[in-house]
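Structural description and commentary
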Amino acid sequence: MHDYLDIAIRAARAAGQMQKERLWSEHDIEFKGEINLVTEVDKACEELIVGMIRAACPDHDILAEENDYAANGAACKWIIDPLDGTTNFAHGFPWFGVSIALEVDGVVRLGVVYHPMMDELFTAVKGEGAFVNGRPLHVSVRQPLKNCLLATGFPYDRTWVNENNFDNFMNFQMCARAVRRAGAAALDLAYVAAGRLDGYWECKLKPWDVAAGQLLVAEAGGTVSNHAGDPFSVYDHRVLASNGLIHAEMVEVLKKVPCRLPADVIEMGHKKT
């Protein structure tokens with residue numbers, strides 16, 4: 001597994017260096033929806049990461065954000081977000097990073113999240129703990145919820161779908177010390193693992209948003225579940241991660257808002273997704 005970890009680290013650092021060098025350049029911006037951005041750097045980073053992985057592991061499957069890759073039914077699958085926080089990157093806001101995970105037989109076995117602007121490399125191998133730049137990580141010990149700092153995010157289609165996280169955000173603002181919305185799920189999860197945030201929740205996410213980060217939290221001693229408190233899969237679209245001490249409180253807050261299917265759309269003239 002450590003040979004695979006080395007591949008992930010080299011790929012994450014190479015992509016992160018590209019992001020850092022191109023941050024304040026003019027970007028070729030495209031749209032994957034009304035406001036969901038993709039830049040030429042997203043695409044270049046994915047090409048770089050996938051190329052490095054395929055050179056070392058040609059038989060492995062790949063699941064990544066920007067392109068579809070034919071599945072071989074391999075036991076090993078790399079789950080890649082080449083640039084998590086694209087909107088931030090496109091605006092020159094330095095909160096973005098690279099997320100790479102390896103799933104083996106349906107279980108995420110390693111994860112790497114790299115924050116290039118801080119040169120912080122978060123790593124985890126299942127059963128071996130979590131680290132940042134080689135230093136062991138542990139979640140915070142803050143409790144109860146009223147003393148805690150949380151993070152969240154909102155879906156791109158938040159203006160026309162029911163499940164937009166607004167009600168949850170307001171409820172947590174009333175229950176916690178504060179809530180931050182910085183715009184990169186992988187980094188939010190890494191910061192929970194590092195004890196800098198005490199909890200994080202979000203909805204309508206993809207596997208590449210959370211695969212590496214949720215392993216970091218678990219390996220740092222935290223708790224990861226869906227919003228109901230049930231066991232989490234990276235293929236769920238609702239994630240709840242915490243230091244464990246406030247997890248039950250966060251589940252109770254989330255219960256205040258009925259869960260809606262992602263396709264529940266407020267009829268505002270928009271096509272259902």
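Residues numbered from 1 in each chain as written. Predicted model: local features only at pLDDT ≥ 70, side-chain atom pairs only at ≥ 80, totals over all residues. Heavy atoms only, no water.

Rules: UniProt positions are given in the numbering used here, feature names are shortened, and annotations may be inferred rather than shown by experiment.
Looking at an unreviewed UniProt entry, the protein chain carries the name Inositol-1-monophosphatase, with the source organism given as Geotalea uraniireducens. Listed under Sequence similarities (unreviewed entry) in UniProt, the entry text for the protein chain is "Belongs to the inositol monophosphatase superfamily." Under the Catalytic activity (unreviewed entry) heading, UniProt states for the protein chain: "a myo-inositol phosphate + H2O = myo-inositol + phosphate".

1. Details of the side chain of Ser 140
Put simply, the test is: Helix numbers and strand numbers start at the N terminus; a helix is a DSSP run of H or I with at least 4 residues, a strand a run of E with at least 2. Here the term buried applies to any residue with accessible area under 20% of the maximum for its type, exposed to any over 50%, and partly exposed to those in between, with areas from a 1.4 Å probe on protein chains only. Each polar contact in these results corresponds to two N or O atoms within 3.5 Å; when the atoms are within protein, one needs to be able to donate a hydrogen and the other to accept it, and residues that are neighboring in sequence are counted only if both atoms are side-chain atoms. Here a residue-residue contact requires only that any non-hydrogen atoms of the pair lie within 4.5 Å.
Secondary-structure assignment places Ser 140 in the loop between β9 (135–136) and β10 (149–151). By relative accessible area, which is 7% here, Ser 140 ends up buried. Among the polar contacts made by the side chain of Ser 140, one reaches the side chain of Asn 243 at a distance of 3.0 Å. The contact partners of Ser 140, leaving out residues within four places of it in the chain, are Gly 195, Leu 197, Asp 198, Asn 243 and Leu 245.

2. Here we look at the packing of helix α5 (residues 185–193) against helix α6 (residues 207–219)
We count it as follows: Here the axes come from fitting lines to C-alpha atoms, over the contacting stretch only for helices, and the angles between their N-to-C directions go from 0 to 180 degrees. Angular relationships are summarised with four words: roughly parallel below 35 degrees, roughly antiparallel beyond 145, roughly perpendicular across 65 to 115, and oblique for the angles in between. Residues are sorted three ways: Asp, Glu, Lys and Arg are charged, Ala, Val, Leu, Ile, Met, Phe, Trp, Tyr, Cys and Pro are nonpolar, and all the rest, Gly among them, are polar.
In the contact formed by α5 and α6, the axes pass within 8 Å of each other and the chain directions differ by 0°. The pairing of α5 with α6 is recorded here as roughly parallel in orientation. From α5, Ala 185, Ala 186, Leu 189, Ala 190, Val 192 and Ala 193 reach across to α6, where they touch Asp 209, Val 210, Gly 213, Gln 214, Leu 216 and Val 217. Its residues assigned to classes, the contact of α5 with α6 comprises nine nonpolar, two polar and one charged.

3. Quick notes on the environment of Leu 83
One can find Leu 83 in strand β4 (residues 76–84). Taking relative accessible area as the criterion, Leu 83 reaches 1% and is therefore assigned buried. Considering only alpha carbons, one finds Leu 83 and Gly 16, 67 residues apart in sequence, at a separation of 8.3 Å. Leu 83 has contacts with Gln 19, Thr 39, Val 41, Asp 42, Phe 89, Phe 96 and Gly 97, leaving out every residue within four places of it along the chain.

4. Considering helix α1 (residues 2–22)
Where we set the bar: Expected span, for any helix, means 1.5 Å times one less than how many residues it has.
Helix length check: α1 (21 residues) gives 30 Å between terminal C-alpha atoms against 30 Å at 1.5 Å per residue, within 8%. Those residues of α1 that fall on the buried side of the exposure criterion are Leu 5, Ile 7, Ala 8, Ile 9, Ala 11, Ala 12, Ala 15, Gly 16, Met 18 and Gln 19. If you follow the buried residues of α1, they end up packed against α2 (40–56), β4, α3 (86–90), β5 (97–104), β6 (107–115) and β7 (120–125).

5. Some details on the packing of aromatic side chains
Two numbers describe a pair of aromatic rings. These are the distance of the centres and the angle of the planes. Selection criterion: Two rings from Phe, Tyr or Trp (for Trp, the six-membered ring) form a pair when their centres sit within 6.5 Å of each other. Planes less than 30 degrees apart are called stacked, planes more than 60 degrees apart edge-to-face, and all others tilted. Counting as a charge over the ring demands two things of the Lys NZ or Arg CZ atom: a distance within 6 Å of the ring centre and an angle within 35 degrees of the ring normal.
On inspection of all chains with the given rule, the structure shows seven aromatic pairs. Ring geometry for Tyr 4 and Trp 78: centres 6.2 Å apart, planes at 85°, overall edge-to-face. Here Tyr 4 is found in helix α1, whereas its partner Trp 78 is found in strand β4, with 74 residues between them in sequence. Overall, the relative accessible area of 0% leaves Trp 78 in the buried class. The interplanar angle of 50° and the centroid separation of 6.3 Å between the aromatic rings of Phe 122 and Tyr 191 together place this pair among those described as tilted. Pair noted here: Phe 122 is in strand β7 and Tyr 191 is in helix α5, with a separation of 69 residues, a long-range link. One exposure class covers both Phe 122 and Tyr 191, and it is buried. Grouping aromatic residues by their ring pairs yields a cluster made of Trp 95, Phe 122 and Tyr 191. The cationic tip of Arg 196 hangs over the ring face of Tyr 191; the distance from NZ or CZ to the ring centre is 4.6 Å.

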